[in-house]
Amino acid sequence: MAEAADFQGTSASPARRWLRRTGALLAGAPLLAGLLQLPAATPAEAAGQESPQAASGAGSVSVAVDSLSPSAPTEGDTVTVTGTVTNTGKQPVTDAHVDLRMGPSLDTRSSIDALAKKSDDVQGPAGEPVGGKYTEKFSKLTPGVAEPFTISVPVDELDLGQDGVYQLAVALSGETAAQPWDQVLGVQRTFLPWQPEEAGTKTKTTFLWPLVSDVHMTAETGSNEQQTPVFSNDDLAEEISPGGRLEQMVSLGKGLDITWVIDPDLLASVDAMTKNYQVRGEDGATTSGRHQAVAKQWLSELQQAVAGKEIVALPFGDPDLASLAHNGTTVTGSLSHLKEATDAVDNTVQTILHVKPSTDFAWPVDGAVDPSIMKVATSAGADKVIARSDSLQDNLSYTPSAARPIGGGTTAVVADSRMSTAFQGNLTKASASTLAVQRFLAQSLTLGLQTGKQRSVVVAPQRTPSVNQSQAMAEALGALQGGHWSESQDLSAAAKAKPDPAANRKVPPADAYPPSLSKQELRRDAFEQIAKTQHNLDNFKVILTDESRVVTPFGRALNREMSTSWRGRGVEAVGYRQDVESYLDGLIDGVKLIKKSETKLSGRSATIPVTVQNNLVQGVEHLKLRLTSRNPTRLKIGGDAYEEQPVAVNGGHSQSVKFTTSANANGRAKVVAQLYTEDGQRYGEPVTFDVKVTEVTATVMLVIGGGVLLLVLAGFRMYTQRKRAATREAAKDATAEADDDVDSPVGAAQNPEAPGDRLEEESEAGSRADAPQQPSDPAPDTAPESADPSGTGERVDR
């Protein structure tokens, strides 16, 4: 990247500095004349008689500048520097003293970078001592012992000249037994911005304040009406508790002029913690969450902090745009998740914070862009992409304004890389934090003095700054907003600022994307697993009576699977995706067919029951159960090879579906039961079982034939008996006619009914009584149904 131009018209030291140096020279002239008359001294003796010299090497004393106040002094201020000096060598240091040294002004931004890289190098120039009483002395520095120091000096004594950034060094000088002469044994250089008056043209600075966290919520919810959420851990409670990272971000950002950049997933997660929630432990068991009060307090403070401020909302879950662009676009459906994540913003941010956010901005990781990232970033509706100047570079001698159109209606908002990365690294030590603050301010002032034109600068720090990093950011931003060369501006205003016609508008090619960032991306198999889970979810939701209970939590979980927070945490990312997929598979398996044993079928037709079980808390519908015969020539189902019937089962219940079958031959027939959705997609695993067909056997035919023969014989007997009875009736009638011809008593007497005739009639009457009567409906030829178990096979309904 091209360096900024040098300052114009930088003057020498003011008159008082010239007078002081001239007086010192005149006062030392007699002494110098006397020294010239002495014998030549040894190099060591000469070194001890001259001003302190820099020792060779890195120095044996560590100097730490823990604070510099004020960070950007003005006329009349007193600069106070505190810190510690520690003898890291093996020999004691005697006659030690700490003093402040002023170096020349740093006219370019690259000179600030160069000085920062060698800030503790004792071999480089440290500047001239302020001298006088602004020195702290130590009679002895014991190895390994840290000694504190505090030096306060009026800014007028620093002899600062024209506006700019000056090198300020804290040096420790002393002697050791091995080198018994006064020398610089340790130094720490930092920067002192000097802008005592209001600048005629101020730089407009936009500082992004990110509220982003890792993924904490799972896809799992309780079976109750409220669908109690389950968190994978309790880390979020620690972050929002007093002193936690996110609590500090809100507390510090409340008094700053910033643009809030918020992941809606964070808000949704904290909002879920304000109610009942569960936390999964390392052993897999869940316990009730106990941080409802902390969550409510954090949200309340955030609502107050963002009131009247600009909020930029990232897509839900902060999806990794670069990973999606490089590895996900070839997987069907991946881009649709980005659109869903963007659509979820309004129902989250505005509902919880009561402020309408902007969704016009996309923020790739570290502002690194290439054409594919730009295309993906704007595919969900955003028309502004936050890039960074170390990616979209300008070959200019100054830093141009952040906004520049790159074609297609897209605006690249290019954040300044030097200022954006000023607070990265380990800032747990106060000295590291102080150096970061002073370097940030130095870069800001140097940038502002480059030209006389007003420019808009954007600062986009790391997504998840630590507590120490956020505190350093707040300190630097507070000093900047209290300074004389910068004024605050929202991100939307920066994006609308007039672009510099000389600024670079060409997006770097794909091969310019940093390999270090590429190694951390989600790979293609991650997006394939996400697509598989989405496919299973689509098939599952169509059978539910209330699909929102499943679609919403799983949809948000799929957004989280694409989160930028998985960078550098590949193992955790795989585990999260597997957990989501396994949980969905378990719900899908809650609606299934009950396995069947071998079924016996005797006779030409019968019904086969198949049971569908629903272990979900809600009912299922829009399902079809298909029963298929693999041997339709032997066993037909519903008159064909298969039959389908609709299925609807209430939550927590089972339902048996009966299919009519017909047998054509004996033997075993394999039958397959399978559930389908209404659009013909298979649902769940099939159930396969055997049906043993015992059609009409020879023994059964003999029994039936014997029964028919008995019926025929019974009918013949009835016929002969009736014919014999008719013959007797005719003979009886003839006898009666003969008796009528006898009209005398004698005749009557001659034909009295003999006892033998009565016996014959009684015998005939008895015979008629013994004759078979009219038969009733024949009795069933099958045994009554038994309630006992059917043996090894499963009986079917007849």
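Two pairing modes exist for strands in a sheet, parallel and antiparallel, and in both the strands are linked by backbone hydrogen bonds. One open sheet holds the four strands; their spatial order is β17-β18-β20-β19, and the pairing between them is mixed. Each edge of the open sheet is held by one strand with a lone partner, namely β17 (361–362) and β19 (403–407). Of the strand pairs in this sheet, β17 and strand β18 (residues 384–388) are connected by two bridges, and their pairing is parallel. From the neighbouring strand, phenylalanine 361 faces β18, where its bridge partner is lysine 384.

Attention shifts here to the sheet that holds strand β3 (residues 78–87). One open sheet holds the three strands; their spatial order is β2-β3-β7, and the pairing between them is antiparallel. Either end of the sheet is taken by a strand with one partner, and the two such strands are β2 (61–69) and β7 (146–154). Ignoring which end each strand starts from, the neighbouring axes of this sheet average 20° apart. Summarising the sheet, β2 and β3 pair through eight bridges and their orientation is antiparallel. Its bridge partner being in β3, valine 61 is matched across the sheet by asparagine 87.

What follows concerns the packing of aromatic side chains. What the rule picks out here adds up to six aromatic pairs. Each ring, one from phenylalanine 207 and one from tryptophan 209, has its centre 6.1 Å from the other, and the planes form 50°; the classification is tilted. Tryptophan 209 carries the same exposure label as phenylalanine 207, and that label is buried. Relative to phenylalanine 440, the ring of phenylalanine 423 lies with its centre 5.3 Å away and its plane at 45°, an arrangement referred to as tilted. Of the two residues, phenylalanine 423 is situated in the loop between α12 (417–420) and α13 (430–448) and phenylalanine 440 in helix α13; the sequence distance between them amounts to 17 residues.

Relative to the assigned elements, lysine 202 resides in the loop between β9 (183–194) and β10 (203–211). Along the chain, lysine 202 and arginine 455 lie 253 residues apart, while their C-alpha atoms are 8.0 Å from each other. Those residues within four positions of lysine 202 in sequence are excluded, and the remaining contacts are Gln454, His484, Trp485, Ser486 and Glu487. For lysine 202, the side chain forms a polar contact with the side chain of glutamate 198, separated by 2.6 Å.

Turning to the pairing of strand β20 (residues 410–415), a few remarks are in order. The buried fraction of β20 is high, at six of six residues. Side chains Thr410, Ala412 and Val414 project from β20 onto one buried face, and the interleaved Thr411, Val413 and Ala415 project onto a second face that is buried too. Bridge analysis of β18 against β20 gives five bridges, and the strand direction is parallel. Considered in β20, the bridge of alanine 387 is made with valine 414. What sits between the antiparallel neighbours β19 and β20 is a turn of two residues, in which glycine 408 has the positive phi angle 70°.

Let's shift gears to the side chain of threonine 677. With respect to the element layout, threonine 677 can be found in strand β30 (residues 667–677). On the basis of relative accessible area, threonine 677 is assigned to the buried category, the value being 1%. Residues within four places of threonine 677 in sequence aside, it is in contact with Asn539, Val542, Ile543, His622, Leu623, Lys624 and Tyr683.

The next subject is the pairing of strand β26 (residues 620–629). Pairing of β26 with strand β28 (residues 642–649), which is carried by seven bridges, proceeds in the antiparallel orientation. By the bridge assignment for β28, arginine 626 is matched with glutamate 644.

The final tally for this structure, using the stated rule, is 25 salt bridges. Residue arginine 439 pairs with aspartate 113 through a salt bridge whose shortest N-O separation is 3.2 Å. Linking arginine 439 in helix α13 with aspartate 113 in helix α3 (residues 109–117), this pair joins segments that are 326 residues apart in sequence. Using a relative accessible area of 14% as the deciding quantity, one classes aspartate 113 as buried. When the shortest N-O distance is used, the salt bridge between glutamate 528 and arginine 524 registers 2.8 Å. Of this pair, glutamate 528 and arginine 524 both sit in helix α17 (residues 524–541), separated by four residues, roughly a single helical turn. The exposure class assigned to arginine 524 is partly exposed, which follows from its relative accessible area of 37%.

Rules used in this analysis
Position labels on residues start from 1 in each chain and follow its written sequence. Only residues with pLDDT of at least 70 are given local features in this predicted model, and only at 80 or more are side-chain atom pairs given and counted; all residues enter the totals for whole chains, interfaces and linings. Note that the side-chain values use all heavy atoms of the structure and ignore hydrogens as well as water. By this definition, two strands are paired if DSSP reports at least two bridges between them. The numbering of helices and of strands both runs from the N terminus, where a helix is a DSSP run of H or I of at least 4 residues and a strand a run of E of at least 2. Only the stretch in contact is used when a helix axis is fitted, and all axes are lines through C-alpha atoms; the angle between N-to-C directions ranges over 0 to 180 degrees. Pairs were defined over the aromatic rings of Phe, Tyr and Trp, the Trp ring being its six-membered one, requiring ring centres within 6.5 Å. Orientation was assigned from the angle between planes: stacked under 30 degrees, edge-to-face over 60, tilted for the rest. Using a 1.4 Å probe on the protein chains alone, a residue whose accessible area is under 20% of its type maximum counts as buried, one over 50% counts as exposed, and one in between counts as partly exposed. Note on contacts: a residue pair qualifies if any of its non-hydrogen atoms lie within 4.5 Å across the two residues. Contacts described as polar in this section are N or O atom pairs within 3.5 Å, which, within protein, must combine one atom able to donate a hydrogen with one able to accept it, while residues neighboring in sequence count only if both atoms come from side chains. For salt bridges, the criterion is a side-chain nitrogen of Lys or Arg within 4 Å of an Asp or Glu carboxyl oxygen.

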